[in-house]
Amino acid sequence: MIEDKNPQRTSLEQLGEFGLIEHLTKNFDIKQTSTVRSIGDDAAVLDFKSNPIVVTTDLLVENVHFDLSYVPLKHLGYKAVIVNLSDVYAMNAVATQITVSIAVSNRFPLEALEELYAGIETAAKVYNIDVVGGDTTSSTTGLIISITAIGESKKEDIVYRDGAKPNDLLVVTGDIGAAYMGLQVLEREKEVFKVNPQNQPDLELYTYIIERQLRPEARKDIVELLKKLDVKPTSMIDISDGLSSEVIHICKQSDVGVEIYENKIPLDPQVISTCEEFNVDSTTMALNGGEDYELLMTISQEDFPKIKGNPDLTVIGYITEKERGMHLITRGEQVVPIIAKGWNAMKNEE
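Rules behind the numbers
- Residues numbered from 1 in each chain as written.
- Predicted model: local features only at pLDDT ≥ 70, side-chain atom pairs only at ≥ 80, totals over all residues.
- Heavy atoms only, no water.
- Helix = DSSP H or I, 4+ residues; strand = E, 2+ residues; numbered from the N terminus.
- Phe/Tyr/Trp six-rings, centres within 6.5 Å; stacked < 30°, edge-to-face > 60°.
- Lys NZ or Arg CZ within 6 Å of the ring centre and 35° of its normal.
- Pairing = 2+ DSSP bridges.
- Axes fitted to C-alpha atoms, helices over the stretch in contact; angles between N-to-C directions.

Visitor: An account of unusual backbone geometry is needed here, citing residue identities and associated values.
Guide: At Asn-167, a residue that is not glycine, the phi angle is positive and equals roughly 85 degrees. As for its position among the elements, Asn-167 is in the loop between strand 6 (144-152) and strand 7 (169-173). Of note in the backbone geometry, Asp-230 takes a positive phi value of approximately 60 degrees without being a glycine. Within the secondary structure layout, Asp-230 lies in the loop between helix 6 (220-229) and strand 8 (235-238).

Visitor: Can you tell me about the packing of aromatic side chains, naming the residues and giving the values?
Guide: One pass over the full model with this rule turns up 2 aromatic pairs. Ring geometry for Tyr-261 against Tyr-318: centres 6.5 Å apart, planes inclined by 25 degrees, an arrangement best described as stacked. On the criterion of sequence distance, the pair formed by Tyr-261 in strand 9 (residues 256-261) and Tyr-318 in strand 11 (residues 313-321) is long-range, its members being 57 residues apart. Over the face of the ring belonging to Tyr-78 we find Arg-215, whose NZ or CZ atom lies 4.0 Å from the ring centre.

Visitor: A description of the sheet that holds strand 6 should follow, citing residues and the corresponding values.
Guide: With mixed pairing, 4 strands are arranged side by side in an open sheet as 3-6-4-5. Sheet topology places strand 3 (53-61) and strand 5 (130-138) at the edges, where each strand pairs with a single neighbour. Averaged over all adjacent pairs, the angle separating strand axes in this sheet is 15 degrees, with direction ignored. Alignment of strand 4 (residues 94-104) against strand 5, held across 8 bridges, turns out to be parallel. Its bridge partner being in strand 5, Ala-103 is matched across the sheet by Thr-137.

See below:
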């Protein structure tokens with residue numbers, strides 16, 4: 001159950017579906033010129049002139065994708081938007097609109113949904129997107145959130161997963177592994193709390209990795225940076241399921257191989273220290289963790305001088321011919337096959 005620190009509990013039944021939608025969406029302002037008609041009609045009307053649009057959607061299910069015992073609803077609303085925007089930016093496109101649909105059980109009062117939508121509203125403001133529609137319904141299994149994101153790009157700017165070529169450089173943004181380790185800390189503290197509810201966790205040592213789990217950011221800034229540097233990746237994907245899974249996606253769809261160097265994978269010091277505390281290998285966590293929402297891309301070697309020394313971009317390997325396979329070169333110079341062990345959305349949980 002969610003913790004309700006607000007004594008006021010307004011039943012959703014009092015508002016009805018349309019009253020609830022009107023209440024939750026009344027603060028969403030229109031920012032995009034491509035938004036002709038937003039919430040309030042049978043469908044939104046968007047006008048992108050001659051530019052192609054990109055569309056992506058994600059479904060978040062309580063106790064599968066998030067645990068409300070330690071995930072604040074405002075953070076959840078924010079993250080639900082980010083998960084979708086990240087896919088738009090992975091296409092080298094600009095996010096412009098989203099729709100938001102939720103299924104909610106009667107254990108949630110109106111005040112809880114106001115918190116959720118406050119996070120959605122914050123994300124919309126930060127990323128300059130319009131909320132143009134959605135749906136609400138009841139649920140018997142807790143909270144379900146479905147967000148669809150829409151973006152636009154010039155045809156010549158769109159980047160797919162299937163354009164990597166041998167000798168291209170493999171580049172990752174930011175650092176990876178932090179979100180997964182943040183989740184491990186939260187899960188550990190949840191178990192401690194279940195044993196002793198009087199015990200309040202001290203999370204000061206884990207601020208960065210917990211923030212990366214609860215309130216990640218999508219790399220809109222990288223799309224803007226690449227344009228400024230005049231660099232168009234040959235392929236790109238966002239890191240949601242783990243570095244190894246995303247590398248394999250690019251290699252399979254581009255019909256190529258890859259070599260990644262373990263000592264080049266960017267890790268935050270807090271990730272390294274937390275991995276040592278949990279007695280797990282930091283490289284394994286980076287490869288298989290997921291939920292980083294960084295961007296993984298390949299670029300032509302000719303573009304290397306343009307990105308060299310940029311703190312947001314790290315070259316971690318290079319693309320090879322398909323026959324050479326997909327490998328990690330360890331610090332000890334061992335050659336290890338890359339296998340996807342990241343998040344499996346269809347895995348049955350006990």
